Each structure stands twice: as structure tokens, then as C-alpha cells.
Amino acid sequence: MGTGKCSKGIGIALLPLAVCAIISNLLLYFPNGEVLEPRRITDLVWFFHGILGAGILVFLPAFLMLGVGGPGCCANKCTVVLSILFAILGAAGGVYCVIISSLGLISGPLCDVGGDVYIYPFRNDTWVDNYLFNQTSWSICKTPENIVLWNTILFSLLLAIGTAEAILCLAQLVNVLVGQTCAPSSQLSHSPHWPTWPFNSQGG
């Protein structure tokens, strides 16, 4: 029961994170609330790190965790295997979101630097002289308005969400493994989900 309650708690925490990740990723397609041509949108946005990585791939383990619980749940082989696989899948989705978000923060957005010339003005910045630490350099981007701030906030939010999701999914993985390791053998043998062997019956 303790393992089931922990799983449900993690599942409840993952759901709003996944929703926020999808919304944040969608907002990246509309810089400053504007509708742009696809070719004028930052390329890393098209990796769907918030929609797929921190969104859909995290929904799967979250819904499974919410369904975990009740007597004998820890002894259900199928549930245990799915919990482990989906926890790994969710952690991978969170890590994927972290990687793409980090690259998005480091390289900066695609923007018009004047004369309808769209480039990545910060992509070759060194880490020491990165645009993130020099806000005066943001004025080089003329349009979309506030594009640097827009991308910085959303990529940072996705970075935080992906990190939290990866940690929670890894915690669920440990939770399941520890629950199986520490589960009493009597609980496993008498669980309604566990097979009853013919030789356990009386006279056999």
C-alpha cells in the first residue's frame, strides 16, 4: 500500500507538469503572441521537446501511477513491469526536454536583426560572453518584439519542468524496485494477482 500511495502521489505531481510543458512548447510557436511563418520560428522548437518529451511521454507513466494501488498491486507482475518501463520512458522524456531546452537557451532565438534579415545572432556566443548575461545585446533583435525574453522564459520553464519530471520518474523507478525488494514473500504468494501453483494445494 505504501508503494501504491507513493506512486499515486508522483502521478498526481506529473500530470500538471506535463500539461504545463505542452502549453509552454505551444507558446514558443507564437513569439510575443504573434503568428509567424514556420521558417521564422526558432528551429529547436520543432523538436517538440515539451509536447512529446515532457508531455506525451510523461502522461503515460502518470496515468499508470494513478491506477496503481489496492491490495496485491505490488505483486502484479504486469503492473510492475509496466511501471518500470513507463518510469524509464518518462525519465527519458524529461531528459530529452532538458537537453533541447538547454540548447535553446544557449543558442538563442531566430529573429529579424533589421531589413527583414532573420538570423541567430547569439548562436556563436561563448558561455562566458553569452547573451543571457548581457541583456543590452537583446536589442539586436528587432522583431518579433520581446522575442529574446519570450524564448528565455519558456525554454527556462521547460528546462525546470523536464528536470522535475526526470527526478519524479526516477523516484518512481526506485519506488517500484524497492517495493518489490522489500515486499513480504507471504504477500506475493497470497496475492490474488499472483499465480497459485498446483503443488501448493493440500495433498499435492
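Located above this text is the structure these notes cover.
Fair warning: this is a prediction, and the values are worked out from it, not measured in the lab.

Draft legend 1. Representation of a nonpolar patch on the surface in the model. Judged by side-chain polarity, W46, F48, L52 and I56 come together as a nonpolar surface patch covering roughly 360 Å² of accessible area. Residue position: I56 is located in helix α2 (residues 49-66).

Draft legend 2. Seen up close, the nonpolar core. The biggest cluster of nonpolar side chains holds 17 residues, and the ones touching the most others in it are A21, L28, Y29, I41, V45, F155 and L158. Leave out the neighbours within four places in its chain, and L158 touches A21, S24, N25, L28, H49, G50, C97 and S101. Within the second largest apolar cluster, 9 residues are counted, among which are V58, F59, A91 and C169.

Draft legend 3. Up close: the state of the cysteines. Under the definition given, this model contains 1 disulfide. Between the sulfur atoms of C111 and its disulfide mate C141 the distance is 2.0 Å. On the sign convention where negative means left-handed, the S-S torsion of about -60° between C111 and C141 marks this disulfide as left-handed. Of this pair, C111 sits in strand β1 (residues 111-112) while C141 sits in the loop between β2 (118-119) and α4 (147-182), and the two are 30 residues apart along the sequence. Both residues of the pair, C111 and C141, belong to the buried class.

What counts, and at which threshold
- Residues numbered from 1 in each chain as written.
- Predicted model: local features only at pLDDT ≥ 70, side-chain atom pairs only at ≥ 80, totals over all residues.
- Heavy atoms only, no water.
- Patch = residues over 30% accessible without salt bridge, like charges linked within 9 Å, V, L, I, M, F, W, Y side chains within 5 Å.
- Areas by Shrake-Rupley, 256 points an atom, 1.4 Å probe, with all protein chains shown as cover.
- Salt bridge = Lys/Arg side-chain N within 4 Å of Asp/Glu carboxyl O.
- Helix = DSSP H or I, 4+ residues; strand = E, 2+ residues; numbered from the N terminus.
- Core = buried A, V, L, I, M, F, W, Y, C linked by side-chain atoms within 4.5 Å.
- Buried < 20%, exposed > 50% of the residue type's maximum accessible area, 1.4 Å probe, protein only.
- Contact = heavy atoms within 4.5 Å.
- Disulfide = S-S within 2.5 Å.

These figures come from the coordinates and say nothing about function on their own.
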